[in-house]
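# Report on the structure
If you want the building blocks of each chain, they are given just below.
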Amino acid sequence: MDTKKVIQERRSVHSFDPNKKVTDAQFKQLFDLVKLSPSGYNLQPWEFIVVRDAANKERLKAVSYNQPHIADASAAVIVLGNKLASAHAVDNFDDWARKGYFDQGTADNLKKQMKDWDQRDETTKRVWTTRSTALAAMTLMIAAQDMGLATCPMEGFEADKVKKEFGIPEHYEVVMLIAIGYEAKSPLPRVWRRGYEEMVHREKF
Ligand SMILES: Cc1cc2nc3c(=O)[nH]c(=O)nc-3n(C[C@H](O)[C@H](O)[C@H](O)COP(=O)(O)O)c2cc1C
C-alpha cells in the first residue's frame, strides 16, 4: 500500500474480531519495521510486552479502566521507554565509530555523557524516553496498517498498576498501550481534525 493511503486509512479501532489472531511471523515482520524508527542519538529506548494470553489481557484490561478492546484484540502491546540513556550506549556509539561517523574517543566521551544523563531529573528522563518511544509506537501503527492489521493507541491505564502486574522495572516509562488485531466493525467516520491554517505557524509563533 502506498504511504499516503496507509496514513489516510489508519484509524483507532475499538471493535476487534476476538477470533482472528496475529501470528508470530506477523509480529516478527512488524517489529523488524518498528526497530527502524529514529531515536535520539539512535539509543532506541523502546521495549514492548506483547500480551496475547486471554487471562493476561484481562489483567491488563483491569488496570486500563476496563477498556474492552484490550481483551478483544488479538494482542495488547505495552509500549515501554527505558529512562536510562546509557542502556544501549556502548553497542550504539561503538557502532557509529566503527562505521566512521566519528572516532573512538568521541564514542567513549558520548558513553560517559549518557551515564551523566542517567542522573538527570525524573521529568527530563521521562520526556527524553517518551519522544523516541512514541515515534516507535507510530511506526508500529503505520506498519500494522500496511499489513492489514488494525490498532488502537491507548493512554487510559494506571501506569503504576500496569508496572506491578507485568513486572516492569522502575526505570521504564509506560508510554502507551496499543491494541492490535483485526477490525470487527469499521469505525464511525473519522473525527474532527484541526486545519492547516490553525496548526501551522510561519517563522514564529
Ligand atoms: C496518546 C493517545 C492516547 C489514546 N488513548 C486512548 C484510549 O485510552 N482509549 C481509546 O479507545 N482510544 C485512545 N486513543 C485514540 C484516540 O481517541 C484517537 O486516536 C482519536 O480519537 C483520533 O481517531 P483516529 O485515530 O481514528 O483518527 C488515544 C490516542 C492517542 C494518540
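All values derive from a computational prediction rather than experimental measurement.

### Points about the site of the ligand
In the vicinity of the ligand, 14 residues are found, and the nearest of them are Ser12, His14, Gln67, Arg190 and Arg193. At 2.7 Å, a side-chain N or O of glutamine 67 approaches a nitrogen atom of the ligand. Separating an oxygen atom of the ligand from a side-chain N or O atom of arginine 190 is a distance of 2.6 Å. Here the ligand, which alone exposes 620 Å², has 68% of that area covered by the protein. Broken down by element, the shell around the ligand gets its largest block of residues, 3 residues, from strand 3 (residues 150–154). Here the shell around the ligand is composed, by residue class, of 4 nonpolar, 5 polar and 5 charged.

### Focus: the pattern of salt bridges
Oppositely charged side chains are able to pair whenever their charged atoms sit close together. Considering all chains together, one arrives at 15 salt bridges under this definition. Ionic pairing is found between aspartate 108 and lysine 111, a salt bridge with its closest N-O pair at 3.0 Å. Taken together, the residues aspartate 108 and lysine 111, both in helix 6 (residues 104–117) and 3 residues apart, mark about one turn of the helix. On the basis of relative accessibility, which here comes to 17%, the residue lysine 111 falls in the buried class. Between arginine 126 and glutamate 173 there is a salt bridge; the shortest N-O distance is 2.8 Å. Of the two residues, arginine 126 is situated in helix 7 (residues 122–146) and glutamate 173 in strand 4 (residues 172–181); the sequence distance between them amounts to 47 residues.

Parameters at a glance
- Residues numbered from 1 in each chain as written.
- Predicted model: local features only at pLDDT ≥ 70, side-chain atom pairs only at ≥ 80, totals over all residues.
- Heavy atoms only, no water.
- Near = heavy atom within 4 Å.
- Polar contact = N/O pair within 3.5 Å; in protein donor to acceptor, adjacent residues only side chain to side chain.
- Areas by Shrake-Rupley, 256 points an atom, 1.4 Å probe, with all protein chains shown as cover.
- Helix = DSSP H or I, 4+ residues; strand = E, 2+ residues; numbered from the N terminus.
- Nonpolar A, V, L, I, M, F, W, Y, C, P; charged D, E, K, R; others polar.
- Salt bridge = Lys/Arg side-chain N within 4 Å of Asp/Glu carboxyl O.
- Buried < 20%, exposed > 50% of the residue type's maximum accessible area, 1.4 Å probe, protein only.

Function cannot be read off these values alone, since they describe shape.
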